[in-house]
Amino acid sequence: MKRQKAFTLAELLVAILIIAVLLTLLAPVISKRRKDTISINMSNYKSQLFLFDKNNPLCQEIPSTTNKIKCLFTAPSGVSELGAIAVSGGGGGAGATQPSIEYGKKLTVANATPKTSKTQELTITSGMSNVTVSELIGSGAGGGGGSWDSSSSSGAPTSQADCDPYNAMFIRAKYNGTGGKNLCVTKYNVGDTNGPTIASSTTTVTAGSGSCSANECCWRGTTASPCTASGSWSGHSTSYSGCNRTVCTWYAANASCQSWAPNGTSAGDWRLPTQNEMKGWANNINENTDWATNISQVSTYLGSDGLQLCDYSSSSHGSVRCNSHYYNCYGAHGDGCNPSYVWSATPKGSYYDYYYLSVGTVVGPYSGYPRSANSARCVLGGSQTLTALSGGGGGAGAYVKNYQIPNDVISSNIGGKIKLFSAAGGSGGSSA
C-alpha cells in the first residue's frame, strides 16, 4: 500500500485558527462595503411649506372685492403629495393695561380703545425710591369670525344669524311643511347679484338675444313682462327687480345649488327646496307680519326682509310683479322666461315640479318641462349641522403684581424715565 501525505490534527486546528483571525480583522472592511452599497442619497428629496400670507413671495395674490386675501400657490413639478391645514385665526394679545406706580405718584394707562396704543412716562428724580408696580395686566382681543362646519348628518340652522353669511333667510321648521326642519333659503335667484353662483358646467346667455341648446342653461337680463322693478309695503321695501331675474332650466338650477359652497359649506350641502317645504311656504305666505318679531320671513309683505319671491299677476299683494316674458329665453321650452315659477327638487316622471306666486299665494305643484326657464332658490338645512368654528382669542399678556424696581436701578438712572406702554389689542381673526 502506498501512503499519501496529509495534515495532522494539530496542523488542521492551527489552519482553522489562522482563518478565524483573518476574518475577524477583515470584518469592518466587509461591513463598510456592504453599507456603502445600500446607502441612499436623500439630498434630492425636499419638502416645502407654503404660508397663506400676501407678503409671502411664493403666494401670488389674487385681486378680490370682498376684503379677503386670496392666494394662488403654484406647486413645483414632480410634487407627489399636498397637505393643507385650515385654521380660523384668533386675535393677537393686547399690551399691558391698568398699571400703576406707587410712592406717592400714580400713572394709569388703561386702554379703553383696543386698537389704539397709549404711552405715559414718569421721570426718575434723585429722591425717588421704592418704586413698585402694583399690577400689570394684558389681555387678548376677540376671536376669529364665524365659519361653519357642515360635516354632520343631523341638525339645522337655529337663527337668522346662521343664515346671514349666505344672504339667506332663516325659515323656521313650522313654515317648512309637515315634519319640516329649520332652513336657510337664499333671498336671490341663482345667478343674480348676492345669489348663488351659476355652476361652471352651465351655459349662460342674455335673454332676448342669446340662445341655448344645452340642457344646463341660464338666461340673464329682462326675463319678465309686464313687471315692476321695486315695491314697498307697510314700511318694508325691496329693490330686487321683478323685471330682471336670472332664470334657469331645472338641470342648471339643480347643478348650481349642488355645486355652490360659500363660507365654509361644501358642495352638496345646498339643494333645491322640496315639494313639501314649498307647500309650507304656500300656507304662510300671506301673513302680514313684522320682520322684527321673527314670526314668518316667508311673508309677501316683508320686502327685502322676506323671501323676496315675485308675483305672476300683480304687485299689490306684497311682492313685485314678474309676469312671464314669452319668446325672450330662446332655447328654453317654448322660448319663454318664467321668473315667478320656482323649481322644486322633486321629479315626477319625466317632468319636474315647480311652484309660482300669483295674487299673493304660492300655487302648485305643477309639472313642467325640465328645459323650462324658471327661478331657482337654494336651501341649506335639514340634513346638515352648522357649528361655529371661531378662532380662539389671543393669549393674555403677562400678569405682574407688586413688583419692586431695585433701588440701585432707580439711583443709577436719575433723569431717565419709567415708560408705561399700553399696546393696542390684536384684532379678531378672519373667518376660516
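Coordinates for the structure precede this section.
What this report covers is the structure whose coordinates are included nearby. Note that the structure is a prediction, hence the values are computed from the model and not measured. (Residues numbered from 1 in each chain as written. Predicted model: local features only at pLDDT ≥ 70, side-chain atom pairs only at ≥ 80, totals over all residues. Heavy atoms only, no water.)

1. Some remarks on the packing of aromatic side chains
Overall, the coordinates contain eleven aromatic pairs when judged by the stated rule. For the ring pair tyrosine 341 and tyrosine 354, a centre distance of 4.6 Å and an interplane angle of 10 degrees mean the geometry is stacked. Of this pair, tyrosine 341 sits in strand β16 (residues 337-348) while tyrosine 354 sits in strand β17 (residues 351-358), placing them 13 residues apart in sequence. Each member of the pair tyrosine 341 and tyrosine 354 is classed as buried. One aromatic cluster is present, formed by Tyr312, Tyr341, Trp343, Tyr354, Tyr356 and Tyr366 through successive ring pairs. Its end group placed over the ring of tyrosine 240, arginine 245 keeps NZ or CZ at 3.7 Å from the ring centre. (Phe/Tyr/Trp six-rings, centres within 6.5 Å; stacked < 30°, edge-to-face > 60°. Helix = DSSP H or I, 4+ residues; strand = E, 2+ residues; numbered from the N terminus. Buried < 20%, exposed > 50% of the residue type's maximum accessible area, 1.4 Å probe, protein only. Lys NZ or Arg CZ within 6 Å of the ring centre and 35° of its normal.)

2. Looking at the pattern of salt bridges
As enumerated under the stated definition, the model contains one salt bridge in all. A salt bridge links glutamate 277 to arginine 271, with the nearest nitrogen and oxygen atoms 2.9 Å apart. Of the residues examined, glutamate 277 reaches a relative accessible area of 9% and is grouped as buried. (Salt bridge = Lys/Arg side-chain N within 4 Å of Asp/Glu carboxyl O.)

3. As for the state of the cysteines
A full pass over the atoms with the stated rule returns seven disulfides. Note that cysteine 163 is cross-linked by a disulfide to cysteine 184, the S-S spacing being 2.1 Å. Taking the sign of the S-S torsion, -80 degrees for the link of cysteine 163 and cysteine 184, the bridge is left-handed. Of this pair, cysteine 163 sits in helix α2 (residues 160-163) while cysteine 184 sits in strand β8 (residues 183-186); the two residues are 21 residues apart in sequence, bridging distant segments of the chain. (Disulfide = S-S within 2.5 Å.)

4. Some points on the nonpolar core
One broad rule of soluble globular proteins: the nonpolar side chains tend to lie buried together. Ranked by size, the top nonpolar core spans 24 residues in total, and within it Tyr166, Cys184, Val190, Trp270, Leu272 and Trp343 carry the most contacts. Listed by contribution, the elements that provide at least two residues to this core are β7 (168-171), α3 (250-259), β16 and β17. Sorting elements by how many residues they give to this core places α3 first, with four residues. Listed in part, the 17 residues of the second largest apolar core include Leu183, Met278, Ala282 and Val362. (Core = buried A, V, L, I, M, F, W, Y, C linked by side-chain atoms within 4.5 Å.)

Purely spatial values, then, with no claim about function.
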